[in-house]
Amino acid sequence: ARHVNIAGAQLGPIARNESRQSVVARMIEMLREAHSRGAEVVVFPELALTSFFPRWWMENQDDVDAFFEREMPSAATRPLFETAQELGIGFYLGYAELAVEDGTPKHYNTAILVDRSGTIVGKYRKVHLPGHADHRPHMPYQHLEKHYFDVGDLGFDSWDFAGGKFGMAICNDRRWPETYRVMALKGAEVVVLGYNTPTHIPWEPVYDHLSAFHNHLCMQAGAYQNSMYVVGVAKAGPEEGSNLLAGSCIIAPSGEIVAMAATSGDEVFAAKCDLDICLYNRKAMFNFAEHRQVQHYGIITAH
Ligand code: CDT
């Protein structure tokens, strides 16, 4: 059997003025704990290096760009790469990426896979950007991902990683079934993703009481229906006036949660994942080539 020991490294709140160096030090401490518990891969949250800045309307582009990374690794993030390399651990990291393409600045909500030698082997840019683009000053906080980020241009993919096939998603992507199915069709056995989910949505509070349920519901369904592990890792806790959902977990292809964070702070949790279970399921109930009826699915990709 192919086993991989995967750890989630949930982060507690990050203050607006907390430095990258301080956050990276917190992450390194969790890398070391994960390693001491046998982890080969560590999953960090979405936008793991900063506070969840899309909650603030900012007029000055320099203030916005201060939350973005122009290079990866940078002086501030290199110690994370070096520690992972020293420990022989691979990781998933979410961050805000500022890329200049044909002379034009592009802003992406990005995640990377870094292998045990410290090399970036995969990049994903968030496709499903939630929230709004307009200024809503009457709200206690906002969710301006549609204002600050460009829609990801790399699509969903799958990479050879840590002895298996890994795919990446970011936060709101986890609520869309297509996210998992596209990666499953590309062979992904593990989907790793980070999230920042306010437990109260000021302009749409009707589902606030179900935020923890919906978080697990969509990831468990994605795991089961696609015969894959799903690892969802939060930035959690009370952050700058917004409470962020915890509940980070590892879900098996059966849909069962096999490891879960118990707090809403910095916390490592881990599970030994048997990747061959994914292959087993895909030869049975979820043999895609055998049982899918794509002639009836066309509307899914029509506008
Ligand atoms: N970060 C992120 O994508 N969060 C969303 C909540 C946004 S609601 C406007 C999520 O789907 O969890």
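Before reading further, recall that the structure is shown in the block above.
Residues numbered from 1 in each chain as written. Predicted model: local features only at pLDDT ≥ 70, side-chain atom pairs only at ≥ 80, totals over all residues. Heavy atoms only, no water.

Peer 1: How would you sum up the pairing of strand β1 (residues 3-10)? Please name residues and give values.
Peer 2: For a regular strand, side-chain orientation follows a simple rule: the groups alternate between the two sheet faces. The element β1 is largely enclosed, with a buried count of seven among its eight residues. Examined bridge by bridge, β1 and strand β14 (residues 267-274) share eight bridges and lie antiparallel to one another. Residue pairing across strands places Val4 opposite Cys273, the latter belonging to β14. Direction of pairing for β1 relative to strand β2 (residues 41-43): parallel, over a ladder of three bridges. Counterpart to Ala7 in the pairing with β2 is Val42. Handedness of the crossover joining β1 and β2 through helix α1 (residues 20-36): right-handed. (Buried < 20%, exposed > 50% of the residue type's maximum accessible area, 1.4 Å probe, protein only. Helix = DSSP H or I, 4+ residues; strand = E, 2+ residues; numbered from the N terminus. Pairing = 2+ DSSP bridges. Right-handed = clockwise from strand over helix to strand, strands pointing away.)

Peer 1: Tell me about a nonpolar patch on the surface, and please be specific about residues and values.
Peer 2: Together, Val294, Tyr297, Ile299 and Ile300 make up an exposed nonpolar region whose accessible area comes to about 410 Å². On the secondary structure map, Ile300 appears in the segment after α8 (288-291). Judged by its relative accessible area of 53%, Ile300 is exposed. (Patch = residues over 30% accessible without salt bridge, like charges linked within 9 Å, V, L, I, M, F, W, Y side chains within 5 Å. Areas by Shrake-Rupley, 256 points an atom, 1.4 Å probe, with all protein chains shown as cover. Salt bridge = Lys/Arg side-chain N within 4 Å of Asp/Glu carboxyl O.)

Peer 1: Give a description of the sheet that holds β14 that names residues and reports values.
Peer 2: Taking strand neighbours across the sheet as the criterion, the six strands line up as β5-β4-β3-β2-β1-β14 in an open arrangement whose pairing is mixed. Only two strands of the sheet have a single neighbouring strand rather than two, namely β5 (120-125) and β14. Going from strand to strand, the sheet's axes swing by 35° on average, the running direction of each strand aside. Examined bridge by bridge, strand β3 (residues 90-101) and strand β4 (residues 104-114) share 11 bridges and lie antiparallel to one another. Each residue of the ladder has a partner; that of Val100, found in β4, is Pro105. Packing against the sheet, helix α3 (residues 78-87) makes contact with β3, β4 and β5, and its axis sits at approximately 145° to β3. (Axes fitted to C-alpha atoms, helices over the stretch in contact; angles between N-to-C directions. Contact = heavy atoms within 4.5 Å.)

Peer 1: Let's hear about the sheet that holds strand β7 (residues 164-170): which residues, and what values?
Peer 2: Strands sit in the order β6-β7-β8-β9-β12-β13 across an open sheet of six strands; the sheet is mixed. At either end of the open sheet lies a strand with only one pairing partner, and these are β6 (159-161) and β13 (257-260). Each strand axis lies, on average, 25° off the axis of its neighbour in the sheet, ignoring direction. This element, helix α5 (residues 177-185), spans β7, β8 (190-195) and β9 (229-234) of the sheet and lies at about 155° to β7.

Peer 1: Give a description of the environment of Asn17 that names residues and reports values.
Peer 2: Tracing the chain through its elements places Asn17 in the loop between β1 and α1. In this structure the C-alpha to C-alpha distance between Asn17 and Ser51, which are 34 residues apart in sequence, comes to 8.3 Å.

Peer 1: Please provide a residue-by-residue account of the environment of Lys126, values included.
Peer 2: Residue placement: Lys126 occurs in the loop between β5 and α4 (145-148). C-alpha separation for the pair Lys126 and Leu98, spaced 28 residues apart in sequence, amounts to 13 Å. The residues touching Lys126, leaving out its near neighbours within four places in the chain, are Glu46, Asn109, Glu145, Asp150, Val151, Gly152, Ile170, Cys171, Asn172 and Asp173. A distance of 2.8 Å separates a polar atom in the side chain of Lys126 from a polar atom in the side chain of Glu46. (Polar contact = N/O pair within 3.5 Å; in protein donor to acceptor, adjacent residues only side chain to side chain.)

Peer 1: Just give me the short version of the site of the ligand, but keep the residues and values in it.
Peer 2: Neighbouring the ligand are 15 residues; Lys126, Cys171, Asn172, Arg175 and Thr197 lie closest to it. Glu145 has a polar side-chain atom sitting 3.1 Å from a nitrogen atom of the ligand. Looking at side-chain class alone, the shell around the ligand contains five nonpolar, five polar and five charged residues. (Near = heavy atom within 4 Å. Nonpolar A, V, L, I, M, F, W, Y, C, P; charged D, E, K, R; others polar.)

Peer 1: Which residues make up the packing of α1 against α3, and what values do they have?
Peer 2: Packing of α1 against α3 leaves a shortest axis separation of 9 Å and a crossing angle of 10°. Overall, the two elements α1 and α3 adopt an arrangement that is roughly parallel. On the side of α1, the interface is formed by Val24, Met27, Ile28, Leu31, Arg32 and His35, while α3 contributes Pro79, Leu80, Thr83, Ala84, Glu86 and Leu87. When its residues are assigned to classes, the contact of α1 with α3 shows eight nonpolar, two polar and two charged. (Parallel < 35°, antiparallel > 145°, perpendicular 65-115°, else oblique.)

Peer 1: Describe in detail the pairing of β3, supporting the description with residues and values.
Peer 2: Where burial is concerned, most of β3 is hidden: 10 out of the 12 residues are buried. Both β2 and β3 contribute to a ladder of three bridges, which runs parallel. The residue of β3 that forms the bridge with Val43 is Tyr92. The turn linking β3 back onto β4 is made up of two residues, and Asp102 within it adopts a positive phi angle of 50°.

Peer 1: Describe the packing of aromatic side chains, and please don't skip the residues or the numbers.
Peer 2: Geometry of an aromatic ring pair is reported as the spacing of the ring centres plus the angle between the planes. For the coordinates displayed, the defined rule picks out 11 aromatic pairs. The interplanar angle of 20° and the centroid separation of 5.4 Å between the aromatic rings of Tyr124 and Phe156 together place this pair among those described as stacked. With a gap of 32 residues between them, Tyr124 in strand β5 and Phe156 in the loop between α4 and β6 connect regions that are remote in the sequence. With respect to burial, Tyr124 and Phe156 carry one shared label: buried. Here a set of aromatic residues connected by ring pairs shows up, and it is made of Phe53, Trp56, Phe67, Phe68, Tyr148 and Phe149. (Phe/Tyr/Trp six-rings, centres within 6.5 Å; stacked < 30°, edge-to-face > 60°.)

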